[in-house]
Amino acid sequence: MTPEVKRVRGVLKEYDGTARLTFSLPGARRGRTRVSLEGRRVRVEGKGKGLEYSGVRLLPRTPRTVAITLMDGEVSITAFDQEVTLEELQRVRAERDELKRRLQGLQRDVEILRKRSEDERERLLKERTSQMALKVIEVLDSIERALLSAEEGAGLREGIEILRKQVQRILKSMGVEEIEAEGQVLDPLYHHAVKTVVDPGREEDTVVEVLQKGYTLDGEVIRPAMVVVSKREGGDDYGKGAGN
């Protein structure tokens, strides 16, 4: 199979009597990359798996000294207008490497600051959403208390029920879910036991009554369920669970 030949055009930058020509050769191997220079004319050839690169470009002037750097995927030709000694080339390269190291450090710092900024925005948004959700939950508590005292079959009760469902839909759209409690084994992460009762028919630490519903926001508890749990005869009679 004949490999695909891709023409590449180098990126040329000039500064202070120096020209730098860079060719990007993604996938080309270092040992199969060749650079030739004739006067101002630079030719680059590179080979990779199933792909060949070829590129020609003129330097702005015929260089007096040339430094070539070959790396996998990139060829860099630095052309100097004057004679440059090996020591000077090594110094320039060292300065370049130091600048590159500093630039990479700055890029890391910028990324860290960006991530911190995003985390802070997310934290503030979550905090405000949680505060708002708790206020809506308080409204729902009031609606459910009113529903308990409303008479069956009364038009007022139907209106309160419609309002309750609307508020529940709002909470669901915010990511708020009610915590399962009654009949569950006490879970300190989700339940706050404020009272115990002797109940021979249930396992110890089973929730037998919910005094106040609990809720989560995106899976995290924003208000634990306040519950009554079962105990054995003679067992401890004290509150335990979330908040203790």
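Predicted model only: the values in this text are computed from it and were never measured.

Trainee: Can you help me understand empty space enclosed by the protein in this one?
Mentor: Over the atoms rolls a probe the size of a water molecule, and in doing so it shows where empty space is left. Taken as a whole and assessed by the stated rule, the structure comprises two cavities of 30 Å³ or more. In this structure, the largest cavity encloses a volume near 80 Å³. Lining the largest cavity are 10 residues, and of these Arg-20, Ala-67, Thr-78, Arg-93 and Arg-96 sit closest to its centre. Of all the secondary structure elements, the ones that give two or more residues to the lining of the largest cavity are β7 (65–71), β8 (74–80) and α1 (86–149). In terms of residue count, the dominant contributor to the lining of the largest cavity is α1 (four residues). Looking at the lining of the largest cavity residue by residue, the class counts come to four nonpolar, three polar and three charged.

Trainee: Would you mind showing me how to read the nonpolar core here?
Mentor: Note that soluble globular proteins tend to have their nonpolar side chains buried in a common cluster. Membership of the largest hydrophobic core comes to 15 residues, with the highest contact counts inside it found for Ile-137, Val-167, Leu-171, Val-176, Tyr-215 and Ile-222. Of all hydrophobic cores here, the second largest spans 14 residues; its members include Phe-23, Leu-59, Val-75 and Ala-79.

Trainee: Please explain the sheet that holds strand β13 (residues 220–223) as it appears in this structure.
Mentor: Strand pairing in a sheet takes place through backbone hydrogen bonds and is either antiparallel or parallel in direction. Taken in spatial order, the three strands line up as β9-β12-β13 in an open sheet, and their pairing is antiparallel. The outermost strands of the open sheet, each flanked by one partner alone, are β9 (176–178) and β13. Mean inter-strand twist for the sheet, computed between neighbouring axes without regard to direction, equals 40°.

Trainee: Explain the pattern of salt bridges to me, please; I cannot follow it from the model alone.
Mentor: Side-chain pairs of opposite charge can arise whenever the charged atoms involved come near each other. Inspection of every chain in the model, using the stated rule, returns 15 salt bridges. Ionic pairing is found between Glu-127 and Arg-123, a salt bridge with its closest N-O pair at 3.0 Å. Here Glu-127 pairs with Arg-123, and both are found in helix α1, just four residues apart, close to one helical turn. Via salt bridges that share partners, Glu-98, Arg-101 and Arg-102 belong to a single interconnected network.

Trainee: Can you walk me through unusual backbone geometry in this structure?
Mentor: Most peptide bonds are trans, and most residues other than glycine sit at a negative phi. A positive phi angle, close to 70°, is found at Asp-205, a residue other than glycine. Tracing the backbone shows Asp-205 in the loop between β10 (191–198) and β11 (207–212). The phi torsion at Asp-218 lies on the positive side, around 50°, for a residue other than glycine. Topologically, Asp-218 is positioned in the loop between β12 (215–217) and β13.

Trainee: Help me understand a nonpolar patch on the surface in this model?
Mentor: Side chains of Leu-189, Tyr-190 and Val-221 sit close together on the surface and give an oily, nonpolar patch of about 260 Å² of accessible area. As for its position among the elements, Leu-189 is in the loop between β9 and β10.

Trainee: Sorry, what's going on with the side chain of Ser-230 here?
Mentor: Turning to its location among the elements, Ser-230 is positioned in strand β14 (residues 225–231). A relative accessible area of 0% places Ser-230 in the buried class. From its side chain, Ser-230 meets the backbone oxygen of Glu-203 in a polar contact 2.5 Å long. Those residues within four positions of Ser-230 in sequence are excluded, and the remaining contacts are Val-197, Asp-199, Arg-202, Glu-203, Glu-204, Asp-205, Thr-206 and Val-208.

Trainee: Even after reading the chapter, I still don't get the sheet that holds strand β5 (residues 41–48), so can you show me in this structure?
Mentor: Pairing is mixed in the open sheet, where four strands are placed in the order β1-β6-β5-β4. Pairing within the sheet leaves two strands with one partner each, and these edge strands are β1 (4–7) and β4 (33–38). Each strand axis lies, on average, 15° off the axis of its neighbour in the sheet, ignoring direction. In terms of strand pairing, β5 meets strand β6 (residues 51–58) through eight bridges, oriented antiparallel.

Trainee: What is the right way to look at helix α2 (residues 155–173) in this model?
Mentor: Quick reminder: α-helices carry 3.6 residues per turn. Residues three or four places apart thus point the same way. The end-to-end C-alpha distance of α2 is 28 Å, a good match for the 27 Å that 19 residues give at a rise of 1.5 Å each. Buried residues of α2: Ile-160, Arg-164, Val-167 and Leu-171, and no others. Relative to the axis of α2, the buried residues are bounded by an arc of 70° and lie together on one face. Set apart from the buried face of α2 by more than 90 degrees, the exposed residues are Gly-155, Glu-158, Ile-162, Arg-169, Lys-172 and Ser-173. A positive backbone phi angle near 95° is found at Gly-175, which sits one or two residues after α2.

Analysis parameters
Residues numbered from 1 in each chain as written. Predicted model: local features only at pLDDT ≥ 70, side-chain atom pairs only at ≥ 80, totals over all residues. Heavy atoms only, no water. 1 Å grid on protein atoms, 1.4 Å probe; cavity = no way out; pocket = protein on both sides within 12 Å on 5 of 7 lines; lining within 4 Å. Points joined across faces, edges and corners; volume = space filled by probe spheres on them. Helix = DSSP H or I, 4+ residues; strand = E, 2+ residues; numbered from the N terminus. Nonpolar A, V, L, I, M, F, W, Y, C, P; charged D, E, K, R; others polar. Core = buried A, V, L, I, M, F, W, Y, C linked by side-chain atoms within 4.5 Å. Buried < 20%, exposed > 50% of the residue type's maximum accessible area, 1.4 Å probe, protein only. Pairing = 2+ DSSP bridges. Axes fitted to C-alpha atoms, helices over the stretch in contact; angles between N-to-C directions. Salt bridge = Lys/Arg side-chain N within 4 Å of Asp/Glu carboxyl O. Patch = residues over 30% accessible without salt bridge, like charges linked within 9 Å, V, L, I, M, F, W, Y side chains within 5 Å. Areas by Shrake-Rupley, 256 points an atom, 1.4 Å probe, with all protein chains shown as cover. Polar contact = N/O pair within 3.5 Å; in protein donor to acceptor, adjacent residues only side chain to side chain. Contact = heavy atoms within 4.5 Å. Expected span 1.5 Å × (residues − 1). Arc of directions from axis to C-beta.

Structural measurements only, silent on function.
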